[in-house]
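# Residue-level structure breakdown
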Amino acid sequence: MPELPEVETVRRGLAPTMVGARFAAVEARRGDLRAPFPPRFAERLKGRRVVSLTRRAKYLLAALDNGETLVMHLGMSGSFRIERGEAAVVPRLHHERPKLSAHDHVVFDFDNGARVVFNDPRRFGAMDLVKSEGIAERPPFAEIGVEPLSAEFDAAKLAALFAGARAPIKTALLDQKRIAGLGNIYVCEALHRARVSPTRPAGILADAKGKPTAAARALAPAIRAVLEAAIEAGGSTLRDHRQPDGELGYFQHSFAVYDREGAPCPRRSCHGTIARVVQGGRSTFYCPACQK
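First, a word on scope: everything that follows refers to the structure included in this document.

### Some words on the overall build of the chain
When helices and strands are tallied, the chain shows six helices and eleven strands. Relative to its 292 residues, the chain shows a buried fraction of 51%. Within the chain, counting contacts between residues at least 6 apart in sequence, those at least 24 apart form 67% of the total. Roughly 13,400 Å² of accessible area belongs to the chain as shown, and the carbon and sulfur atoms make up 50% of that amount.

Set out below in structure tokens:
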């Protein structure tokens, strides 16, 4: 499942093409993805100008000039491809995607000559058209927690969110109602960077008075740093490709602990070995020697 950095990388790849452009033609090649397309989907988009392209958690939000917003979710296998004549630029993720045109389910043609194609083999992605006004107060956005890259996300916020929580901190951090967009990979990485064991209760982030502890003061910047590094890793490959199979936003990102069971801990001062445990049905990777 794409996580926040992957979605943000895709947003940055799409924005120069989409923002300011008008939909010249829209083709939905089937009636649904994860859910049916909204009524008159293509008709409502045609002629509309994209005012902005933002991200909320793992959703892409294209605000339109008529007061509606095109909401897009990649699902498990969704990806976008930008075509300009015979060339293609692909805001792709860190793993390979099938390129079969049979999975090209939505095609956006813009008045700037670009074509944006949504490819989704598993069809777990989603697209919807909603009113822009009050969007933050309506599902699913009303139930989504704080953005971990926002100014309000800090040690004090972590303490307030998890004071008294008994669930393991790794599992608690994945709760989208508390923190938006955090996924399994980057939670493992952030906990390692902060030297916090994933098995400890989330309540360790607040003291008896609800103030942030040393663990919270280490974890908040670690989460931000891990996400920003991952976005930068994707962003470092953002370029205009002239070949149809060119890839935009392809992650050349190496992880400290994720999927490295049995490997030595990369921390120079540590001689531990990366271990794997299962928490909430998800694999957790960490170093028992330096994460306490």
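### As for the state of the cysteines
In this structure the tally under the stated criterion is zero disulfides. Between Cys-270, a cysteine without a disulfide, and Cys-287, which holds the nearest cysteine sulfur, the sulfur-to-sulfur distance is 3.6 Å. On the basis of relative accessible area, Cys-270 is assigned to the buried category, the value being 11%. Free cysteine Cys-290: the closest other cysteine sulfur is in Cys-287, separated by 3.7 Å.

### Structural notes on the pairing of strand β10 (residues 275-279)
On any regular strand, side chains alternate: one points to one face of the sheet, the next to the other face. Alignment of β10 against strand β11 (residues 282-286), held across five bridges, turns out to be antiparallel. From the neighbouring strand, Val-277 faces β11, where its bridge partner is Thr-284. Turn length for the β10-β11 hairpin, with the two strands adjacent in sequence and antiparallel, is two residues, and the turn residue Gly-280 shows positive phi of about 60°.

### Side note on the environment of Asp-175
Within the secondary structure layout, Asp-175 lies in the loop between α4 (169-173) and α5 (184-194). Between the C-alpha atom of Asp-175 and that of Gly-145, which follows or precedes it by 30 residues, the distance is 8.4 Å.

Cut-off values and rules
- Residues numbered from 1 in each chain as written.
- Predicted model: local features only at pLDDT ≥ 70, side-chain atom pairs only at ≥ 80, totals over all residues.
- Heavy atoms only, no water.
- Helix = DSSP H or I, 4+ residues; strand = E, 2+ residues; numbered from the N terminus.
- Buried < 20%, exposed > 50% of the residue type's maximum accessible area, 1.4 Å probe, protein only.
- Contact = heavy atoms within 4.5 Å.
- Areas by Shrake-Rupley, 256 points an atom, 1.4 Å probe, with all protein chains shown as cover.
- Disulfide = S-S within 2.5 Å.
- Pairing = 2+ DSSP bridges.

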